[in-house]
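One letter stands for each residue in the lines below.
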Amino acid sequence: MESSSAAKFGQCDNPEIIDLPIIDITELDYKTGKKVLDAFVTYGFLYLSTGSTPFTSSLLQRTFNVSASLFALPSDTKRNFWIESATNRGYTGERNEILDPAHQSAGDLKEAWNFGEFNVNGRLQQGLPAEVAERGAERELKEFEDACRATCERVLELLALALEVEDKSWFSKRHGRPSGSIVRLLRYPAQKQSDEKADVGAGAHSDYGSLTLLFQRQGQRGLEVRDNEGAWKGVEVVPKGCSGDVPPIVVNIGDLLSYWTNGLLKSTVHRVILPKSAEEDRYSIVYFCHPKDDEGLVAVPSHVVRDRGDMNEDETVGYGGGSQGKALTAKEHLMRRLEATYGTRK
Ligand SMILES: O=C(O)CCC(=O)C(=O)O
Ligand SMILES: [Fe+2]
């Protein structure tokens, strides 16, 4: 149960910063894997140095441009692409999703476009507004999604190495089609100072899949992580000691990796609070990596996980709407959580 202070939002415009490691994943070896594993055990979060991934500043800029064009469309156009419950694909407007229904009286401030996986022919399985399709948005999103999948695959292989799983592809081979994986473009409108509730950009929650990649823009902070003592800590967009022309990629684990490791890895609670000083809208892009729909929530055959033992009675995986009780498959878990966190679906 969340403490009352943790349940309030926007209390502090400058939260203490969490010191997450910045990891270079160029080398696919035990040493790198151990850094990844240790960060996920301790924080559930880490930074990847972008230069060690397929993401270039051009690819990121192009994807953020697609995002800006999609959000700039008239409301009526956006509503024609309203999110579908069965697929979790499409557009959702401000205040429609409530990530922490037990503690939020108003919906999350954000608006979002969810793009599900591409089919075998490299085409989106959902509509795209003509205005952006004409400018090559599908191609840009595909390139972005390919880079996300490759990055997640590498992180999953590093984890298997560090957990000393005999089959190094144990995690990665559980990923593929069909899955609930989503590229999510997000826009958090700058809040009006007068609106007390405007700062709940995204309510407290853990993520539902296996891994999450988060891309942020310089000068647009907002993400906060709840530490082991229950205190909210800010996540810098560009942490100290980070060089290069693009911010590092924030990576966190979701509920599924917590289940697969009997709770050794933490699907850490986080939220987005817009600083009161923010003058511009915040844009972020998230990739939710999900395993294949029918994958079971079983433990990975690793002595590191076995040595930790089973989860205690009082240990739970996940936080936020729909996290109570254990589902049997990846899809069942995702559907439970989505049903609990969406207010109005068309
Ligand atoms: O926009 C962000 O910084 C994070 C969003 C997030 O946590 C989510 O969409 O699950
Ligand atoms: Fe999240």
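See the structure printed just above.
What counts and what doesn't
Residues numbered from 1 in each chain as written. Chains lettered and ligands numbered in written order. Predicted model: local features only at pLDDT ≥ 70, side-chain atom pairs only at ≥ 80, totals over all residues. Heavy atoms only, no water. Donors = N, O, S within 2.8 Å, 3.2 Å for Na, K, Ca; no water. Buried < 20%, exposed > 50% of the residue type's maximum accessible area, 1.4 Å probe, protein only. Axes fitted to C-alpha atoms, helices over the stretch in contact; angles between N-to-C directions. Helix = DSSP H or I, 4+ residues; strand = E, 2+ residues; numbered from the N terminus. Parallel < 35°, antiparallel > 145°, perpendicular 65-115°, else oblique. Contact = heavy atoms within 4.5 Å. Nonpolar A, V, L, I, M, F, W, Y, C, P; charged D, E, K, R; others polar. Pairing = 2+ DSSP bridges. Disulfide = S-S within 2.5 Å.

Colleague: Sorry if this is basic, but what is going on with the coordination of the iron ion (ligand 2) here?
Modeller: Reference values for coordination geometry: four tetrahedral donors around a metal ideally subtend 109.5 degrees, six octahedral donors ideally subtend 90 or 180 degrees. Distances from the iron ion (ligand 2) to its protein donors, H205 (NE2), D207 (OD) and H270 (NE2), fall at 2.1 to 2.2 Å. Sequence positions of the donors to the iron ion (ligand 2) reduce to the motif H-x1-D-x62-H. For the pair H205 and D207, one class covers both residues: buried.

Colleague: Mind showing me how you'd approach the packing of helix α2 (residues 30-42) against helix α6 (residues 137-162) here?
Modeller: Two packed helices can be described by the angle between their axes and the distance between those axes. At their nearest, the axes of α2 and α6 sit 7 Å apart, and the two run at 95° to each other. Between α2 and α6, the interaxial angle falls into the category roughly perpendicular. Of the residues in α6, those touching α2 at Y30, T32, G33, K34, V36, L37 and F40 are V155, L158, L159, L161 and A162. Across the contact of α2 with α6, the residue classes tally to 9 nonpolar, 2 polar and 1 charged.

Colleague: Explain the pairing of strand β6 (residues 200-205) to me, please; I cannot follow it from the model alone.
Modeller: The side chains of a regular strand alternate between both faces of the sheet. Of all the 6 residues making up β6, 6 are buried; the element is thus mostly covered by neighbouring parts of the structure. Here β6 runs beside strand β11 (residues 270-273); their pairing, made up of 3 bridges, is antiparallel. Looking across to β11, one finds that V200 is bridged to I273.

Colleague: Would you mind showing me how to read the sheet that holds strand β9 (residues 232-234) here?
Modeller: Strand pairing in a sheet relies on backbone hydrogen bonds, with the paired strands running either antiparallel or parallel. Taken in spatial order, the 4 strands make up an open sheet running β6-β11-β8-β9, and their pairing is antiparallel. The sheet is open, and its two borders are formed by β6 and β9, each paired with just one other strand. Here the average twist between neighbouring strands, direction ignored, is 30°. In the sheet, strand β8 (residues 223-226) pairs with β9 via 3 bridges, with the strands oriented antiparallel. Among the inter-strand pairings, V225 is bridged to a residue of β9, identified as K233.

Colleague: Just checking my understanding: could you explain unusual backbone geometry for this structure?
Modeller: With the exception of glycine, the majority of residues adopt a negative phi angle, and the majority of peptide bonds are in the trans configuration. The amide bond that connects R177 to the next residue, P178, takes the cis arrangement and shows omega of -10°. Considering the arrangement of structural elements, one finds P178 in the loop between α6 and β5 (182-188). The phi dihedral of N88 is positive, around 65°, even though this residue is not glycine. For N88, the position within the fold is in the loop between α4 (75-79) and β3 (90-92). Note on N88: relative accessible area 7%, which makes it buried. The backbone phi angle of N262 is positive, close to 50°, even though this residue is not glycine.

Colleague: For this particular structure, what's the right way to read the state of the cysteines?
Modeller: Here, the word disulfide means a covalent bond between the sulfur atoms of two cysteines. A full pass over the atoms with the stated rule returns 0 disulfides. Of the cysteine sulfurs around C152, a residue in no disulfide, the closest is that of C289, at 4.0 Å. Of all cysteine sulfurs, the one in C148 lies closest to C242, which takes part in no disulfide; the gap is 18 Å. Given the relative accessible area of 23%, C242 is considered partly exposed.

None of this, on its own, says anything about what the molecule does.
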